[in-house]
Amino acid sequence: MDTNNAIDCFAALAQPTRLAAFRLLVQHEPDGLPAGEIARVLDVPHNTLSSHLAVLTRCGLAAAERHSRSIVYRADLDRVADTVDFLLHDCCNGRPEACRALPRTTVPKPPAPRHD
């Protein structure tokens, strides 16, 4: 990934609705979600969401596939990994012991137990 590609990805995620949509897509991997369901969950008008999904798709963070009459969107986890790799490429100036905390931040944390 080059600098311009990374900037496109960061710019795509630097908007609240797009970030929420992307996080929702990541939660629903590997099946993805139909555009209408994304709009419903995020309470965003369909035409507005369509514009946001187009931005995510253009930068490669999401992919769309037609299923009958609906379009199903999925997060492109390889692109996410490329973006994270871009951020960490020169991490700690070649001293991995200085970057000990990074793996902890890149692995999803399990939800905290609920005490209802």
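Residues numbered from 1 in each chain as written. Predicted model: local features only at pLDDT ≥ 70, side-chain atom pairs only at ≥ 80, totals over all residues. Heavy atoms only, no water.

**What to know about the packing of helix H2 (residues 16-27) against helix H4 (residues 46-58)**
Angle between the axes and distance between the axes are the two parameters that describe a pair of packed helices.
Then, in step 1: Axis separation between H2 and H4 bottoms out at 10 Å; the angle between their running directions is 70°. The orientation of H2 relative to H4 falls into the category roughly perpendicular. Residue-level contacts link Thr17, Arg18, Ala21 and Phe22 of H2 to Leu49, His52, Leu53, Val55 and Leu56 of H4.
Then, in step 2: Here the residues of the contact of H2 with H4 are counted per class, giving six nonpolar, two polar and one charged. (Axes fitted to C-alpha atoms, helices over the stretch in contact; angles between N-to-C directions. Helix = DSSP H or I, 4+ residues; strand = E, 2+ residues; numbered from the N terminus. Parallel < 35°, antiparallel > 145°, perpendicular 65-115°, else oblique. Contact = heavy atoms within 4.5 Å. Nonpolar A, V, L, I, M, F, W, Y, C, P; charged D, E, K, R; others polar.)

**So, the environment of Ala11**
Then, in step 1: Along the polypeptide, Ala11 turns up in helix H1 (residues 3-13).
Then, in step 2: The exposure class assigned to Ala11 is partly exposed, which follows from its relative accessible area of 42%.
Then, in step 3: Once the C-alpha coordinates of Ala11 and Cys59 are considered, the two residues, 48 residues apart in sequence, prove to be 9.2 Å apart. (Buried < 20%, exposed > 50% of the residue type's maximum accessible area, 1.4 Å probe, protein only.)

**Concerning the packing of H2 against helix H3 (residues 35-42)**
Then, in step 1: Look at H2 against H3: their axes get within 11 Å of each other, and the N-to-C directions meet at 120°. As summarised for this structure, H2 and H3 are arranged oblique, according to the angle between their axes. H2 and H3 meet at a crossing whose hand is right-handed. Between H2 and H3, the residues in contact are Thr17, Ala20, Ala21, Leu24 and Leu25 and Ile38, Val41 and Leu42, respectively.
Then, in step 2: Looking at the contact of H2 with H3 residue by residue, the classes come out as seven nonpolar, one polar and no charged. (Left-handed = near helix turned anticlockwise from the far one by under 90°.)

**Structural notes on helix H5 (residues 77-88)**
Then, in step 1: Between its first and last C-alpha atoms H5 spans 16 Å; for twelve residues at 1.5 Å apiece the expected length is 16 Å, and the two agree.
Then, in step 2: Taking the backbone nitrogen of Asp78 as reference, a side-chain oxygen 3.1 Å away marks Asp76 as the first, capping residue of H5. (Expected span 1.5 Å × (residues − 1). Polar contact = N/O pair within 3.5 Å; in protein donor to acceptor, adjacent residues only side chain to side chain.)

**Regarding the side chain of Thr83**
Then, in step 1: The topology assignment puts Thr83 in helix H5.
Then, in step 2: For Thr83, a relative accessible area of 7% corresponds to the buried category.
Then, in step 3: If we skip the residues at most four places from it in the chain, Thr83 touches Met1, Cys9, Phe10 and Leu61.

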